[in-house]
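Chain by chain, the residues run as shown.
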Amino acid sequence: MFYENELIYIEKENSQIPWIKIFTQQPYKELSDCPSFLQEELFKKILACEKAMIEFYKPDKINIASFANYVPRVHFHIMARFKEDAFFPECMWGKQQREEKKLNLANFDDFVKLLIKFFD
């Protein structure tokens, strides 16, 4: 976990691509179960994460997903996608399209510093 407040927390997913997950602090099962102030907080943070990833990584596309079948609680995945990543254009849970190669990406800790500025 690299960020939290009283409503949400954010952690990094270990992956070839920049990928973070935003969870609600309380274990709501569905987004519609969340009070409106929490829904607003989630969307503000999702949009800030998207904008920070675009600015920092300059990806070909941002993917945002919320399936929550394996982890049945409200959370969102935000991923910076690149044409060279092993799964593109498939989703990261789809069929791998090519052999994985190391992408030349900037340091994640530097991304976090920028991201926190987007939260202010």
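How each quantity is defined
- Residues numbered from 1 in each chain as written.
- Predicted model: local features only at pLDDT ≥ 70, side-chain atom pairs only at ≥ 80, totals over all residues.
- Heavy atoms only, no water.
- Helix = DSSP H or I, 4+ residues; strand = E, 2+ residues; numbered from the N terminus.
- Expected span 1.5 Å × (residues − 1).
- Buried < 20%, exposed > 50% of the residue type's maximum accessible area, 1.4 Å probe, protein only.
- Arc of directions from axis to C-beta.
- Contact = heavy atoms within 4.5 Å.
- Polar contact = N/O pair within 3.5 Å; in protein donor to acceptor, adjacent residues only side chain to side chain.
- Disulfide = S-S within 2.5 Å.
- Axes fitted to C-alpha atoms, helices over the stretch in contact; angles between N-to-C directions.
- Parallel < 35°, antiparallel > 145°, perpendicular 65-115°, else oblique.
- Left-handed = near helix turned anticlockwise from the far one by under 90°.
- Nonpolar A, V, L, I, M, F, W, Y, C, P; charged D, E, K, R; others polar.
- Salt bridge = Lys/Arg side-chain N within 4 Å of Asp/Glu carboxyl O.

Novice: When you look at helix α2 (residues 108–119) in this model, what are you seeing that I'm missing?
Specialist: Since the α-helix turns once every 3.6 residues, residues separated by three or four places project in the same direction. Look at α2: 17 Å from first C-alpha to last across twelve residues, which is about the 16 Å you get at 1.5 Å a residue. Three or more residues of α2 are buried, namely Phe-108, Phe-111, Val-112, Leu-114, Leu-115 and Phe-119. Burial along α2 is one-sided: seen end-on, the buried residues are contained in an arc of 170°. Every exposed residue of α2 that faces more than 90 degrees away from the buried side is listed here: Asp-109, Lys-113 and Lys-117. Elements that come into contact with the buried residues of α2 comprise β1 (3–4), β2 (8–12), β3 (19–24) and α1 (36–57). For α2, the side-chain oxygen to backbone nitrogen distance between the N-cap and Asp-109 is 2.7 Å, and the N-cap itself is Asn-107.

Novice: Looking at this model, I keep getting lost on the state of the cysteines. Mind explaining?
Specialist: Joining two cysteines, a disulfide is a covalent bond between their sulfur atoms. Counted under the stated rule, the structure contains zero disulfides. Its sulfur unpaired, Cys-34 is 16 Å from the next cysteine sulfur, which belongs to Cys-49. Cysteine Cys-91 remains unbridged, with the sulfur of Cys-49 as its closest cysteine sulfur at 20 Å.

Novice: Would you take a moment to explain the packing of α1 against α2 for this structure?
Specialist: Helix-helix packing is characterised by the crossing angle of the two axes and by the distance between the axes. Contact geometry for α1 and α2: axes closest at 9 Å, N-to-C directions at 135°. With respect to α2, the element α1 is oriented oblique. Our pair here, α1 against α2, has a crossing hand that is right-handed. The segment α1 lies against α2, with Lys-45, Ala-48, Cys-49, Lys-51, Ala-52, Met-53, Glu-55, Phe-56 and Tyr-57 engaging Phe-108, Asp-110, Phe-111, Leu-114, Leu-115, Phe-118 and Phe-119. A per-class count over the contact of α1 with α2 returns twelve nonpolar, no polar and four charged.

Novice: How should I be thinking about the environment of Ser-15 in this particular structure?
Specialist: Here Ser-15 shows up in the loop between β2 and β3. Given a relative accessible area of 30%, Ser-15 falls into the partly exposed group. Note: C-alpha distance between Ser-15 and Asp-85 (70 residues apart in sequence) is 10 Å.

Novice: How should I be thinking about α1 in this particular structure?
Specialist: Between the first and last C-alpha of α1 there are 31 Å, a value that for 22 residues agrees with the 32 Å anticipated at 1.5 Å per step. If you follow the buried residues of α1, they end up packed against β1, β2, β3, β4 (61–65), β5 (75–81) and α2. Looking at the residues trailing α1, positive phi occurs at Lys-58, about 50°.

Novice: Just to check I follow, could you spell out the pattern of salt bridges for this structure?
Specialist: Opposite charge on two side chains allows them to pair when their charged atoms are near. Scanning the model with the defined rule gives five salt bridges in all. The partner of Lys-21 in a salt bridge is Glu-11, with the nearest N and O atoms 3.4 Å apart. Of this pair, Lys-21 sits in strand β3 while Glu-11 sits in strand β2, and the two are ten residues apart along the sequence. As a salt-bridge pair, Lys-113 and Asp-110 come within 3.8 Å of each other at their nearest N and O atoms. Of this pair, Lys-113 and Asp-110 both sit in helix α2, separated by three residues, roughly a single helical turn.

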